[in-house]
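If you want the building blocks of each chain, they are given just below.
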Amino acid sequence: MDHSVNASRTEKLNQMVESLNNGTSEQMLAILAECIENVKSDHPEFLLINEAFLHLLNNERPADASNLYDDTFASLCQHLKVPKIFAYDEKLATLSENDHQVAERFRLFAFNIWKIVLCVLSLMPDSIQFHKPTLVNLFTQCGAYLGDTAKRWTLSETREIVTRCSEVLMRKLNNSGKSELLSILKPYVQIIVKEKVWPLYESIQNAPKQIEQQQKLIPSQHLQSNTDEDDPSYIMKKEDQQESFQGVTTFENQKWKSEEVQTTAVFSWCVQVMQAPHLESILYLFVPPLITLLEDWEVRYKLVGIALVRHIIQNVSPTSLQQTGIGNLLEHNVFRYFTYHNEPELIYQSTILSLELTSALYKAGSETFTLKIEDILQAVIIRGFRFALGGKVAVIKVLLKVLGLLVQNARTVTIRYSKLLLEPVCEILHLYHGDDELQLLAADALCTLLEVCWPVLLYRRGMIFSAVVSCWSNCDVGIPNDRLIQAGVKSEVQENLQKKLRQVVQTLKDCYGDKIQVDIKFIVDTDPELYRLLLD
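For clarity, every value in this text was computed on a predicted model and none was experimentally measured.

## Focus: the overall build of the chain
Move 1: Within the chain, the regular secondary structure consists of 27 helices and zero strands.
Move 2: Taking all 536 residues of the chain together, 48% fall into the buried category.
Move 3: In the chain, the share of contacts with a sequence separation of at least 24, taken over all contacts with a separation of at least 6, comes to 74%.
Move 4: When the accessible surface of the chain is split by element, carbon and sulfur atoms take 50% of a total near 27,200 Å².

## A few points about the packing of aromatic side chains
Move 1: As enumerated under the stated definition, the model contains 11 aromatic pairs in all.
Move 2: With a centroid separation of 5.8 Å and an interplanar angle of 55°, the aromatic rings of Phe86 and Phe106 are classed as tilted. Of this pair, Phe86 sits in the loop between α4 (65-79) and α5 (97-123) while Phe106 sits in helix α5, and the two are 20 residues apart along the sequence.
Move 3: For Phe86, a relative accessible area of 1% translates into the label buried.
Move 4: We classify Phe106 as buried; its relative accessible area is 10%.
Move 5: Taking 4.9 Å as the distance between ring centres and 70° as the angle between the ring planes, the aromatic pair formed by Trp256 and Tyr301 counts as edge-to-face. Placement of Trp256 in helix α10 (residues 255-258) and of Tyr301 in helix α14 (residues 299-315) is noted, with a sequence separation of 45 residues between them. Here Trp256 and Tyr301 have matching classes, each one buried.
Move 6: Members of the aromatic cluster, connected to one another through ring pairs, are Tyr69, Phe73 and Phe130.

## Notes on the nonpolar core
Move 1: Counting 163 residues, the largest nonpolar core has Phe73, Val117, Tyr145, Phe286, Ile381 and Leu400 as the members making the most contacts within it.
Move 2: Every residue in contact with Phe286, bar those within four places of it in the chain, is listed here: Val189, Val193, Phe267, Cys270, Val271, Met274 and Leu279.

## A look at the layout of surface pockets
Move 1: Its volume calculated, the largest pocket comes out at about 590 Å³.
Move 2: Thr149, Ala150, Arg152, Arg300 and Val304 are the residues nearest the centre of the largest pocket, which is lined by 23 residues in total.
Move 3: Among the secondary structure elements, those contributing two or more residues to the lining of the largest pocket are α11 (263-273) and α14.
Move 4: Of the residues belonging to the lining of the largest pocket, the class tally is 10 nonpolar, five polar and eight charged.

## Observations regarding the packing of helix α19 (residues 393-410) against helix α22 (residues 436-453)
Move 1: One way to put it is that α19 packs onto α22 with a least axis distance of 9 Å and a crossing angle of 20°. On the basis of the axis angle, α19 is roughly parallel to α22. Of the two possible hands of crossing, α19 and α22 adopt the one that is left-handed. Counted together, Val393, Ile396, Lys397, Leu400, Lys401, Leu403, Gly404, Val407 and Gln408 of α19 and Glu437, Leu438, Leu441, Ala442, Ala445, Thr448, Leu449, Glu451 and Val452 of α22 form the full contact between these two elements.
Move 2: Of the residues in the contact of α19 with α22, the class split is 11 nonpolar, three polar and four charged.

## A look at α4
Move 1: With 15 residues, α4 extends 22 Å from end C-alpha to end C-alpha; this agrees with the ideal 21 Å at 1.5 Å per step.
Move 2: Taken as a whole, α4 has its buried residues at Ala65, Leu68, Tyr69, Asp70, Thr72, Phe73, Leu76, Cys77 and His79.

## Comments concerning the packing of helix α18 (residues 367-388) against α19
Move 1: Where α18 contacts α19, the two axes come as close as 10 Å, and the packing angle between them is 155°. Taken together, the axis directions place α18 and α19 in an arrangement best described as roughly antiparallel. Judged by the twist between their axes, the crossing of α18 over α19 is left-handed. In this structure, α18 contributes Phe369, Ile373, Ile376, Leu377, Val380, Ile381, Gly384, Phe385 and Ala388 to the contact, and α19 contributes Val395, Ile396, Leu399, Leu400, Val402, Leu403, Leu406, Asn409 and Ala410.

## Quick word on unusual backbone geometry
Move 1: A cis amide bond, omega 0°, links Ala276 with the succeeding residue Pro277.
Move 2: Locating Pro277 in the fold gives a position in the loop between α11 and α12 (278-281).
Move 3: We note that Lys151 has phi near 55°; this positive angle belongs to a residue other than glycine.
Move 4: The topology assignment puts Lys151 in the loop between α6 (132-146) and α7 (156-173).

## Details of the environment of Ser473
Move 1: Within the element layout of this structure, Ser473 appears in helix α23 (residues 461-473).
Move 2: The class of Ser473 is partly exposed, set by a relative accessible area of 34%.
Move 3: When the C-alpha positions of Ser473 and His433 are compared, they lie 9.9 Å apart, and in sequence the two are 40 residues distant.
Move 4: Discounting chain neighbours no more than four positions away, the residues touching Ser473 are Leu530 and Tyr531.

## Quick word on the confidence of the model for the chain
Move 1: In the predicted model, the chain carries a mean pLDDT of 79, and the fraction of residues at 70 or more is 75%.
Move 2: By mean pLDDT, helix α9 (residues 238-246) is the weakest element of the chain at 40, and α11 is the strongest at 95.
Move 3: In the predicted structure, residues 207-251 sits below a pLDDT of 50 and forms 31 contacts with residues beyond four places in sequence or in another chain.
Move 4: Considering only residues more than four positions removed or in separate chains, one finds that residues 478-487, a stretch of pLDDT under 50, has eight contacts.

Cut-off values and rules
- Residues numbered from 1 in each chain as written.
- Predicted model: local features only at pLDDT ≥ 70, side-chain atom pairs only at ≥ 80, totals over all residues.
- Heavy atoms only, no water.
- Helix = DSSP H or I, 4+ residues; strand = E, 2+ residues; numbered from the N terminus.
- Buried < 20%, exposed > 50% of the residue type's maximum accessible area, 1.4 Å probe, protein only.
- Contact = heavy atoms within 4.5 Å.
- Areas by Shrake-Rupley, 256 points an atom, 1.4 Å probe, with all protein chains shown as cover.
- Phe/Tyr/Trp six-rings, centres within 6.5 Å; stacked < 30°, edge-to-face > 60°.
- Core = buried A, V, L, I, M, F, W, Y, C linked by side-chain atoms within 4.5 Å.
- 1 Å grid on protein atoms, 1.4 Å probe; cavity = no way out; pocket = protein on both sides within 12 Å on 5 of 7 lines; lining within 4 Å.
- Points joined across faces, edges and corners; volume = space filled by probe spheres on them.
- Nonpolar A, V, L, I, M, F, W, Y, C, P; charged D, E, K, R; others polar.
- Axes fitted to C-alpha atoms, helices over the stretch in contact; angles between N-to-C directions.
- Parallel < 35°, antiparallel > 145°, perpendicular 65-115°, else oblique.
- Left-handed = near helix turned anticlockwise from the far one by under 90°.
- Expected span 1.5 Å × (residues − 1).
- pLDDT = per-residue confidence, 0-100.

Structural data, given as structure tokens:
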């Protein structure tokens, strides 16, 4: 979408919010009428909202004022429900041109509906109390749009106006100003999770029972190839068996994915809006849906689950995670992600989460902590490099990024695996010429390995020097840097790579001193002009 259109929309939104904050009721009603004007062509029933509030202003205390607000909010929330068209996975499918237009129209439509919601909230006197179902619906819709961090059905301006709507709601609920906002919000979060989220995950929890029941209908002896179909004990024909198992599509067609598309966003908002100390007391509500997200076959939902677990770790005490067993349950689920060798983002996020979980569940430096870090090191880096080299460059980059973190946490344990870690890093410096970013990550990982494992790497200095020299000889080092930058030949990444390679050599000098002087002299004598800048 054109940037000027977004800027104009944002400017008009700010003007509208300013008028709602400082305007009279008549001015607010005029703004409401203008907002309704944007959607009346497709939804003429919205004109009734304007007429109802005009009547409300002409009658100071109509008996049905509370019902009017309830009915209005119910109608608006119904129109804000996210359509099924957004159930697609952006990485696996592309919308047709027609569907793309439908999706874009809904984003704009939802933006206009939220403007109407803000107008109605601003018109609502403090003397009128919200009914609980109305508040639950409003907070649910707030969660559906604020929880859409990927902005699949939410415009940037929509997030701004939804944030303002939630602030107005909280302010109206906290008239006295004495209550803590999260204390006010907490009961509604509990209701939303129990009534809006849990029922949609119920089919997933019951799926194993459904499959077991269907399997009981087909005795194992009748599934063999030599079954006599004329035998009266043959209960099911082969066609019936296939039809029966085709009906078990619970794991593929799930309501929270295909029908109630906003469910994951709502649940994500419910978790992330709760912070310490309120989150800990209702953590039990979040665990079942969270496990469903972590165990789902689609990577995008696993990543959402990881983000929520990280939020929980930051807001729940380690003692609570340990005593309830929730920490170990989450750790078990996340550890399985290390086998997803073709999903770089999942590998990276799951490794970071595993380190945070390990730090939260076990005392740093203890035997258990060390063994857990060692397990992560083996599963992510050693096994990961075995599958990654020669494959996706994105995966190799992720492994190099997390290598430094793991080495810093594992410390002395890394020495045991120094050879297995050093070989792929040096191989990347040898082979991946032309990808400066990848080689910079490899050089940085090599520095980290030297800092920790230097006591056992003296006799592997030949491998290290060979990799560094090979990488350096493929960098443009013969022309002054200013000229290279001006000519567009040398990038900032390439300069940083050269600095990092010199840092590796300096680290070797600091660690081994005179023991490597023969090696340095040999390299300089090979090509003094090329290698003097590297080794001096």
